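# Analysis of the macromolecular model
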Amino acid sequence: VTPRVEHVAAPGSPGAAATPAPPLRVALLGFGTVGRSVARILSERTDIASRLRLTHVFNRDVARKRASWAADSIVWTERIEEVFASRPDVVVEAIGGLEPAEDWVRRALQQGLSVVTANKQLIAAAGPRLLRLAADEGCELRFEAAVAGGVPVIQAIQQGLAGDVIARVAGILNGTCNYVLSRMGSGSVSMEDAVTDAIRLGYAEADPTSDVDGVDAAAKLAVLAGVAFHRELRTADVATASIRPVDAVDFRYARRLGRTIRQIAAVEALDAATLHARVGPALVPEASRFGRNEGANNIVAITGRYGGTTAYSGAGAGGDATAVAIVSDLLALSASRGPCGPAEWPAAAMDDAHEGRFYIRFVVRDRPGILANITAALARWRINVDAVLQEPGFPKDRLPFVVTVEPCRELDLRNALNEVDSTDFRIEPLVLPILFE
Ligand code: NAP
Ligand code: HSE
């Protein structure tokens with residue numbers, strides 16, 4: 001099926017037009033956490049203005065939503081009819097819930113307008129029907145933002161892993177539960193207080209029951225199952241357990257087993273037609289990628305028959321992260337408007353003044369005054385020592401010790417080390433940057 005989004009002939013081809021196609025006209029439904037961030041990215045990213053133009057913002061009682069930074073040309077409306085009458089190229093649905101969002105998405109697709117949505121509830125409940133409708137009408141329905149917020153896991157499955165046969169998708173898909181469980185695991189807070197904090201920080205749904213009881217993660221898992229296995233998985237068919245019964249004492253016992261507790265969502269294909277899907281709290285090794293996943297972060301591990309497991313992680317919620325996924329979907333729809341970004345990569349200007357903390361390991365023939373010699377050279381270059389470490393038990397003629405320094409320019413550090421008067425004691429020092437990420 002050819003999407004109805006207007007196509008441009010490739011440069012140099014017989015039909016190549018001299019004038020580039022106009023930008024896709026985007027109508028945004030919903031100016032809440034996510035919608036506002038979408039509008040802000042579209043207004044700030046002048047580099048993509050030739051491909052995407054926000055024309056309408058729709059919201060109930062819209063006057064209170066109007067943003068001073070938005071372009072004057074944007075029409076702010078609370079009349080959905082005005083949006084459809086304007087015949088945009090793409091409708092972004094950032095309203096949430098099933099109704100009236102489903103009605104408006106269906107209506108857009110019926111008119112041949114492509115839709116980008118962040119609505120996991122809608123895709124989990126009606127995705128297969130809406131995708132069929134989009135195909136019949138020659139337009140597209142994209143929903144990267146519906147799962148794992150800003151983590152591009154749907155693109156990863158559909159594009160990056162298209163060469164594999166997916167066997168299993170497992171992950172942490174609900175930021176609220178991960179935030180709650182990782183805070184309980186650090187021993188500092190009760191479940192009730194952690195949920196209250198998750199609401200305050202904007203991670204939780206309006207009714208956090210759907211987070212805590214696994215319904216939100218089950219909906220996201222249903223969407224991922226459709227993308228990975230091309231089978232409809234109904235949210236109600238996911239075996240779902242709440243995190244509510246998990247108590248502080250469970251973390252103490254888990255720790256004795258080298259484990260911690262996370263809400264894990266997993267779906268695997270038992271054969272081409274049979275899926276097994278579950279969501280609920282589980283013990284995972286503390287040192288595993290799931291065990292180390294802290295706060296509201298999401299992580300998805302996808303196992304393919306040929307390529308093994310690849311993992312994707314990042315912010316699973318939040319306006320900006322989720323809006324990035326929406327804007328990326330919009331850019332994918334606008335791909336026929338030419339390549340994203342400039343056609344050339346001009347040579348980069350280089351800045352080699354690398355700055356940071358460093359670890360310097362010396363191996364010396366020991367004698368008095370070595371440390372004074374080194375620290376004097378560092379001081380001349382205004383480099384502050386952070387720590388000096390020396391393990392016992394090494395021979396005096398090849399004695400290793402370490403100096404760490406506070407943030408400085410690498411060039412200054414190299415100059416300082418070259419100045420160390422070391423003819424009678426030094427063997428080349430090893431300099432390593434100390435990274436925190
Ligand atoms: P939100 O802050 O509540 O924004 C929804 C917006 O839609 C609000 O401005 C709301 O207006 C408006 N709205 C709701 N019902 C309407 C109606 N019937 N007519 C007109 N306007 C209506 O929600 P959100 O957090 O942006 O979430 C939007 C979607 O993104 C949801 O599907 C959500 O699941 C998904 N999502 C959100 C996140 C996240 O971190 N927030 C992450 C991933 C996916 P009022 O101000 O009057 O309520
Ligand atoms: N309530 C959801 C979560 C927001 O905690 O993951 C993102 O969908």
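The preceding data block contains the structure.
What comes next is a walk through the structure.

What counts as what
Residues numbered from 1 in each chain as written. Chains lettered and ligands numbered in written order. Predicted model: local features only at pLDDT ≥ 70, side-chain atom pairs only at ≥ 80, totals over all residues. Heavy atoms only, no water. Near = heavy atom within 4 Å. Polar contact = N/O pair within 3.5 Å; in protein donor to acceptor, adjacent residues only side chain to side chain. Areas by Shrake-Rupley, 256 points an atom, 1.4 Å probe, with all protein chains shown as cover. Helix = DSSP H or I, 4+ residues; strand = E, 2+ residues; numbered from the N terminus. Nonpolar A, V, L, I, M, F, W, Y, C, P; charged D, E, K, R; others polar. Buried < 20%, exposed > 50% of the residue type's maximum accessible area, 1.4 Å probe, protein only. Pairing = 2+ DSSP bridges. Right-handed = clockwise from strand over helix to strand, strands pointing away. Phe/Tyr/Trp six-rings, centres within 6.5 Å; stacked < 30°, edge-to-face > 60°.

### Details of the site of ligand 2
Neighbouring ligand 2 are 13 residues; K120, G175, T176, E205 and D211 lie closest to it. Y203 has a polar backbone atom sitting 2.8 Å from a nitrogen atom of ligand 2. Between ligand 2 and the protein, one listed contact pairs a nitrogen atom with a side-chain N or O atom of D211 at 2.8 Å. Surface burial for ligand 2 is 89%, taken as the share of its 260 Å² of free accessible area covered by protein chains. Breaking the shell around ligand 2 down by element, the ones donating at least two residues are α6 (175–185) and α9 (215–229). Of the residues assigned to the shell around ligand 2, the class counts are four nonpolar, four polar and five charged.

### Describing the pairing of strand β4 (residues 90–93)
Along β4, one buried face is formed by V90 and V92 and the opposite face, lined by V91 and E93, is buried too. Here strand β1 (residues 24–29) pairs with β4 via four bridges, running parallel. From the neighbouring strand, A27 faces β4, where its bridge partner is V91. When β4 meets strand β5 (residues 114–117), the two strands line up parallel, connected through four bridges. Of the residues in β5, the one forming a bridge with V90 is S114. Between the parallel elements β4 and β5, the chain passes through helix α3 (residues 101–110) in a crossover that is right-handed.

### Quick look at the sheet that holds strand β6 (residues 141–142)
Taken in spatial order, the six strands make up an open sheet running β3-β2-β1-β4-β5-β6, and their pairing is parallel. Looking at strand neighbours, the two that pair on one side only are β3 (75–77) and β6, the edges of this open sheet. Relative to β6, β5 runs parallel, the two sharing two bridges. Across the sheet, the residue bridging to V115 is L141, located in β6.

### Let's talk about the packing of aromatic side chains
Aromatic ring pairs are defined here through the distance separating the ring centres and the angle between the ring planes. Here the structure, examined in full by the defined rule, presents five aromatic pairs. On the basis of an interplanar angle of 75 degrees and a centroid distance of 5.1 Å, the ring pair of F31 and W76 is categorised as edge-to-face. Linking F31 in the loop between β1 and α1 (33–44) with W76 in strand β3, this pair joins segments that are 45 residues apart in sequence. Its relative accessible area of 11% is what places W76 among the buried residues. Ring pairs connect the aromatic residues F31, W69 and W76, which therefore count as one cluster.

On their own, these measurements won't tell you what the molecule is for.
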